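What follows is the residue order along each chain.
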Amino acid sequence: MDQLISRSRLGWVVARAGVLAALAACTRFNPGSFTQPESLYHATMREFRHGRFTRAQSGFQKLVFDLPARDTIHVRARFYLAETYFGLRDYVTAAREFRRVADDFPADVLAPDALLRAGDSYRQLWRRAELDASNGETAVATYQELLGRYPRSRAAAIAQARIRELNEQFARKDFMAGTFYLRRGAYDSAILYFRQVIARYPSSSLVPDAYIRMVRAYRAIGYREEMEETCEHLREHFGARADVREECGDRGIRR
């Protein structure tokens, strides 16, 4: 019995120590207690790297307020202040703060990354293809600006990949609209959207599907010549696909 009580008491002591440690951690970080900017910056970065974005935000805000713009810590504090907004999913504020870093300090090493992260913030605001795409368009414009201003940067290479991903999403938006109209018998509208997928996003994975649905729309409204031309293109470029053979037959397939 005494051994059980001892074990129970030991567990209580350990649990209490854990609670006290957690409470101490919650009250440990106080930006106002630091007298040296370097010390505050490193302590704030520790909070940031542990995902404590609200606390890190207060540290970066103090650094930005206290330090002159010419100080290198000021620039980094501005950049990571924007990152805290991103971490807290306040993407509108994050985009604005990243943009300010890139515009106010265009020669700084962080400027390309700031533009990249501004684009990322707008991208986060457009996560579903069926929703309004204005934030996605702003993201692409920001990435393209990055490519123009800092073409040889590491951030530019990432931006190119981001643009390809967004173009796929734009293509999906138009494809979904075309499919919507196709199902409702609005064949002319459907054809316009499928043509848009093909013309605007030729590298999209949805291009062959857009052609196939155009064939279905042409067949439904009796446009035999346009249907056959589209089938010829499908046989030539996507003839190995089963759905192409189903829609167009396998005559003249080139593999």
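Conventions and cut-offs
Residues numbered from 1 in each chain as written. Predicted model: local features only at pLDDT ≥ 70, side-chain atom pairs only at ≥ 80, totals over all residues. Heavy atoms only, no water. Salt bridge = Lys/Arg side-chain N within 4 Å of Asp/Glu carboxyl O. Helix = DSSP H or I, 4+ residues; strand = E, 2+ residues; numbered from the N terminus. Buried < 20%, exposed > 50% of the residue type's maximum accessible area, 1.4 Å probe, protein only. Disulfide = S-S within 2.5 Å. Expected span 1.5 Å × (residues − 1). Arc of directions from axis to C-beta. Contact = heavy atoms within 4.5 Å. pLDDT = per-residue confidence, 0-100. Core = buried A, V, L, I, M, F, W, Y, C linked by side-chain atoms within 4.5 Å. Axes fitted to C-alpha atoms, helices over the stretch in contact; angles between N-to-C directions. Parallel < 35°, antiparallel > 145°, perpendicular 65-115°, else oblique. Left-handed = near helix turned anticlockwise from the far one by under 90°.

## Here's the deal with the pattern of salt bridges
Point 1. Overall, the coordinates contain 23 salt bridges when judged by the stated rule.
Point 2. Residue Asp113 pairs with Arg154 through a salt bridge whose shortest N-O separation is 2.8 Å. Separated by 41 residues along the polypeptide, Asp113 in helix 6 (residues 111-124) and Arg154 in helix 8 (residues 154-183) bring together distant segments of the chain.
Point 3. Taking relative accessible area as the criterion, Asp113 reaches 19% and is therefore assigned buried.
Point 4. Its relative accessible area of 54% is what places Arg154 among the exposed residues.
Point 5. Several salt bridges converge on common partners, so that one network encompasses Glu83, Arg117, Asp120 and Arg162.

## As for the state of the cysteines
Point 1. Enumeration according to the criterion identifies one disulfide in this entry.
Point 2. Cys231 shares a disulfide with Cys248; S-S distance 2.1 Å. Taking the sign of the torsion about the S-S bond as the criterion, the disulfide between Cys231 and Cys248, at about -75 degrees, is left-handed. Of this pair, Cys231 sits in helix 11 (residues 224-238) while Cys248 sits in helix 12 (residues 242-248), and the two are 17 residues apart along the sequence.
Point 3. Looking at Cys231, the relative accessible area reads 2%, which means it is buried.

## Describing helix 9 (residues 187-200)
Every α-helix carries 3.6 residues per turn, so stepping three or four residues along brings you back to the same face.
Point 1. With 14 residues, helix 9 should reach 20 Å at 1.5 Å per residue; the first-to-last C-alpha distance of 20 Å fits that figure.
Point 2. Three or more residues of helix 9 are buried, namely Ala190, Ile191, Phe194, Val197 and Ile198. Buried residues in helix 9, looked at end-on, bunch into an arc of 120 degrees, giving them a common side. Opposite the buried face of helix 9, at more than 90 degrees from it, the exposed residues are Asp188, Leu192, Ala199 and Arg200.
Point 3. Contacts made by the buried residues of helix 9 are with helix 8 and helix 10 (207-221).

## Details of the confidence of the model for the protein
Point 1. Of the residues in the protein, 87% reach a pLDDT of 70 or more, and the chain-wide mean stands at 89.
Point 2. No element of the protein has a lower mean pLDDT than helix 1 (residues 2-28), which averages 48, and none a higher one than helix 6, which averages 98.
Point 3. In this model residues 17-26 is a low-confidence stretch, pLDDT under 50, and it forms three contacts with partners more than four residues away in sequence or in other chains.

## Here we look at unusual backbone geometry
Point 1. With phi around 65 degrees, Arg89 is a residue other than glycine that occupies positive phi space.
Point 2. Structurally, the position occupied by Arg89 is in the loop between helix 4 (72-87) and helix 5 (91-104).
Point 3. A relative accessible area of 68% places Arg89 in the exposed class.

## A short note on the side chain of Gln169
Point 1. Position of Gln169 relative to the elements: it lies in helix 8.
Point 2. Residue classification places Gln169 among the buried residues on the basis of a relative accessible area of 19%.
Point 3. Residue contacts for Gln169: discarding those within four places in its chain leaves Trp126, Arg127, Arg128 and Ala129.

## Structural notes on the nonpolar core
Point 1. Grouped together as the largest cluster of nonpolar side chains are 66 residues, with contacts concentrated most on Phe60 and Leu63.
Point 2. Apart from the residues lying within four places of it in its own chain, the contact partners of Phe60 are Tyr41, Thr44, Met45, Phe48, Ala77, Tyr80, Leu81 and Thr84.

## Let's talk about the environment of Phe65
Point 1. The residue Phe65 is located in helix 3 (residues 53-66) in this model.
Point 2. Looking at Phe65, the relative accessible area reads 72%, which means it is exposed.
Point 3. Between the alpha carbons of Phe65 and Arg78 there is a distance of 9.9 Å; along the sequence they are 13 residues apart.

## With respect to the packing of helix 9 against helix 10
Point 1. Viewed as axis vectors pointing N to C, helix 9 and helix 10 meet at an angle of 155 degrees, and their least axial separation amounts to 9 Å. Relative to helix 10, helix 9 is oriented roughly antiparallel. In terms of crossing hand, the pair formed by helix 9 and helix 10 is left-handed. For the pair helix 9 and helix 10, the contacting residues are Tyr187, Asp188, Ile191, Phe194, Arg195, Val197 and Ile198 in the first and Val207, Ala210, Tyr211, Arg213, Met214, Ala217, Tyr218, Ala220 and Ile221 in the second.

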